[in-house]
Amino acid sequence: MVVVPTDKIKSGQILAAEVRDINGRLLLSKGQTIEPNHIRIFKIWGISEVQLAGADGNSDASDPQVASAMIEQTENSVKPLFCHVDLEHPAIKEIFRISVQFRCEHEIVVEGDGLNVDNQSIPRQSLEKDFLKKLRKKKIILPEIPSLAFQLKKVIENPMSSAEDIARVVSRSPSLTAVLLKIVNSSFYSLPSKISTVSHAVSLIGTQEISVLALGISVLSVFKNIPKQTIDMRSFIRHSLICGLLSRVFAAYKNIPHTEQLFVSGLLHDLGRLILYNYFPDESSNVLALSRKRNNLLYKEEKKYLGCDHAQLGVQLMRQWKLPLVLEDNISHHHKPSDAHQSVPATIVHLADIIGNSLGIGSSGEKYIPPLDENAWDKLNLPPSSFETIIGQATHQFHALDRILNA
Ligand SMILES: [Fe+2]
Ligand SMILES: [Fe+2]
């Protein structure tokens, strides 16, 4: 199976996976033979690539021996990352399989993170307890939301907002305008002609979609100057982006309206970690070292030694910024979605985080695959067989956006 751009498809080829539009509507089924009018349909609906069976490819997989050795080696290196999850669970089993396949195809290797934890002394006394209490008492000043993001939030909340309203806000920032125009002209949307103004982009793509995209970009930009020795922001943004995109595609698949809210929930789910890395670099590196030393999940070590985890810290920031409540619920419970008021969207973000970590696309500091909340998963009512198509769409969109956001 190979992924082929729409403009390279020839009629007569066979689909290796079903094709759905951005709203999750089925366009063509797996196994269907491509006809000339199908290629036109893909272009109209913004499908920029599809998975084909038996297409020409130069993959090593053409040599069965090389392929099976590569898979075995990758399975062995990836398995330790899954030590906190139940590999026999059908959803995790499928995620593991896709993770191995994806890492083989994209040559993603499991790397050490350079933390020499055995020799590192971890001064426990420097670990600050009860961060939330301190934050509530306002002893720690959290970053202010940029005024632009605040105006964008107002546009999002107002159902009467027009294309001109959003264009007026976005155009106040030339850098945000440039990034947005690059995104709308990328294969993420695959629009037929070049878009040169924000108002044109809004009229084609929608006010909510563009405003939320802009809000997510401007919120992450608050932290863009964290020094590289504290956190690799490029890697952090990659993790955030793949979780946002997976959440969005999952939402479309489940026919949940306002997929853009799920996108921004995924994009900002680990926002609390940026507060830790930015404002408490010593404590962060201590907690990071402890999690590696004890082979424990980072968010569990955070809770143990800081009195709260990054999900709670992120919510604190969202409350201060008065971001929409739906984002707060999804972000607050992304490690335990069965506790959320609305468990389905929170479970989608939870699943996106598990998959994003499994694929090895970027990192927010967590080494291990977070465990699946099985109660929440059962309520989601999603067949694991849907993962391959969903992950295929999200990773394709990821490649289009990653180059732009990390430029
Ligand atoms: Fe997290
Ligand atoms: Fe995460």
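Residues numbered from 1 in each chain as written. Chains lettered and ligands numbered in written order. Predicted model: local features only at pLDDT ≥ 70, side-chain atom pairs only at ≥ 80, totals over all residues. Heavy atoms only, no water.

Draft legend 1. Summary view of the coordination of the iron ion (ligand 1). Bound to the iron ion (ligand 1) are the protein donor atoms D270 (OD), H310 (NE2), H334 (NE2) and H335 (NE2), situated 2.1 to 2.4 Å from the metal. Coordination at the iron ion (ligand 1) is irregular: its 4 donor atoms span angles of 81 to 171° at the metal. Counting the intervening residues between successive donors of the iron ion (ligand 1) yields the motif D-x39-H-x23-H-H. Here the iron ion (ligand 1) and the iron ion (ligand 2) are spaced 3.8 Å apart, with D270 acting as a shared donor. Pair noted here: H310 is in helix α15 (residues 310-321) and H334 is in the loop between α16 (325-332) and α17 (343-359), with a separation of 24 residues, a long-range link. Each member of the pair H310 and H334 is classed as buried. (Donors = N, O, S within 2.8 Å, 3.2 Å for Na, K, Ca; no water. Tetrahedral: all angles 85-135°; square planar, octahedral: opposite > 155°, others 65-115°. Helix = DSSP H or I, 4+ residues; strand = E, 2+ residues; numbered from the N terminus. Buried < 20%, exposed > 50% of the residue type's maximum accessible area, 1.4 Å probe, protein only.)

Draft legend 2. Main features of the packing of helix α12 (residues 271-279) against α15. One can describe the packing of α12 onto α15 by two numbers: an axis separation of 6 Å at closest approach and a directional angle of 95°. Of the possible angle classes, the one that applies to α12 and α15 is roughly perpendicular. From α12, L271, G272, R273, I275 and L276 reach across to α15, where they touch H310, L313, G314, L317 and W321. Across the contact of α12 with α15, the residue classes break down as 6 nonpolar, 3 polar and 1 charged. (Axes fitted to C-alpha atoms, helices over the stretch in contact; angles between N-to-C directions. Parallel < 35°, antiparallel > 145°, perpendicular 65-115°, else oblique. Contact = heavy atoms within 4.5 Å. Nonpolar A, V, L, I, M, F, W, Y, C, P; charged D, E, K, R; others polar.)

Draft legend 3. Quick peek at the coordination of the iron ion (ligand 2). At the metal site, the iron ion (ligand 2) is ligated by H239 (NE2), H269 (NE2), D270 (OD) and D353 (OD), and these contacts range over 2.1 to 2.2 Å. The coordination sphere of the iron ion (ligand 2) comprises 4 donor atoms, whose angles at the metal cover 85 to 175°; the geometry is irregular. Mapped onto the polypeptide sequence, the residues donating to the iron ion (ligand 2) form the spacing pattern H-x29-H-D-x82-D.

Draft legend 4. Examining the pattern of salt bridges more closely. Following the criterion strictly, the structure yields 9 salt bridges and no others. Between E388 and R97 there is a salt bridge whose closest N-O contact spans 2.9 Å. One end of the pair, E388, is in helix α19 (residues 387-405); the other, R97, is in helix α3 (residues 90-105), and 291 residues separate them in sequence. The partly exposed category is assigned to E388, whose relative accessible area is 22%. When its relative accessible area of 35% is taken as the criterion, R97 is described as partly exposed. (Salt bridge = Lys/Arg side-chain N within 4 Å of Asp/Glu carboxyl O.)

Draft legend 5. Seen up close, the pairing of strand β5 (residues 49-53). Strand direction decides the pairing type here: strand β1 (residues 2-5) and β5, joined by 4 bridges, are antiparallel. Within the sheet, the bridge partner assigned to P5 lies in β5 and is E49. (Pairing = 2+ DSSP bridges.)

Draft legend 6. The arrangement of helix α8 (residues 198-205) in detail. Within the sequence span of α8, burial applies to V198, A201, V202 and I205. Down the axis of α8, the buried side of the element spans an arc of 100°, and every buried residue falls inside it. Residues of α8 that are buried sit in contact with α6 (163-170), α7 (174-184) and α9 (207-220). Once α8 ends, the next one or two residues include G206, with phi positive near 115°. (Arc of directions from axis to C-beta.)

Draft legend 7. Quick peek at the packing of aromatic side chains. For the coordinates displayed, the defined rule picks out 3 aromatic pairs. On the numbers, 5.1 Å between centres and 90° between planes, the contact of F82 with F96 is edge-to-face. Here F96 lies in helix α3 and F82 lies in the loop between α2 (64-78) and α3, a separation of 14 residues in the sequence. An identical accessibility class is assigned to F82 and F96; each is buried. A ring pair is formed by F250 and F387, whose centres lie 6.0 Å apart and whose planes are at 85°; its orientation type is edge-to-face. Of the two residues, F250 is situated in helix α10 (residues 233-253) and F387 in helix α19; the sequence distance between them amounts to 137 residues. Owing to a relative accessible area of 0%, F387 belongs among the buried residues under this scheme. (Phe/Tyr/Trp six-rings, centres within 6.5 Å; stacked < 30°, edge-to-face > 60°.)

Draft legend 8. Fine view of the nonpolar core. Formed by 103 residues in total, the largest nonpolar core has its most connected members in L152, F250, L351 and F387. Not counting the four nearest positions on each side in its chain, F387 is found in contact with A91, E94, I95, I98, F250, L351, W377, L382 and G392. Counting 12 residues, the second-largest nonpolar core is a separate cluster that includes V2, L15, V19 and I39. (Core = buried A, V, L, I, M, F, W, Y, C linked by side-chain atoms within 4.5 Å.)

Draft legend 9. Summary view of the sheet that holds β5. Taken together, the 3 strands give an open sheet; going across it, the order is β1-β5-β2, and neighbouring strands pair in antiparallel fashion. Lying at the two open borders of the sheet, with one neighbouring strand each, are β1 and β2 (14-15).

Draft legend 10. Broad picture of α10. With 21 residues, α10 ought to run about 30 Å at 1.5 Å a step, and its terminal C-alpha atoms sit 30 Å apart, in line with that. With a side-chain oxygen positioned 3.1 Å from the backbone nitrogen of R234, the residue opening α10 is D232. Just downstream of α10 lies N255, where phi reads positive at about 60°. (Expected span 1.5 Å × (residues − 1). Polar contact = N/O pair within 3.5 Å; in protein donor to acceptor, adjacent residues only side chain to side chain.)

Draft legend 11. Layout of the side chain of S358. Its location among the elements puts S358 in helix α17. Ignoring anything within four residues of it in the chain, the contact list for S358 reads F82, I95, S99, R103 and I369.

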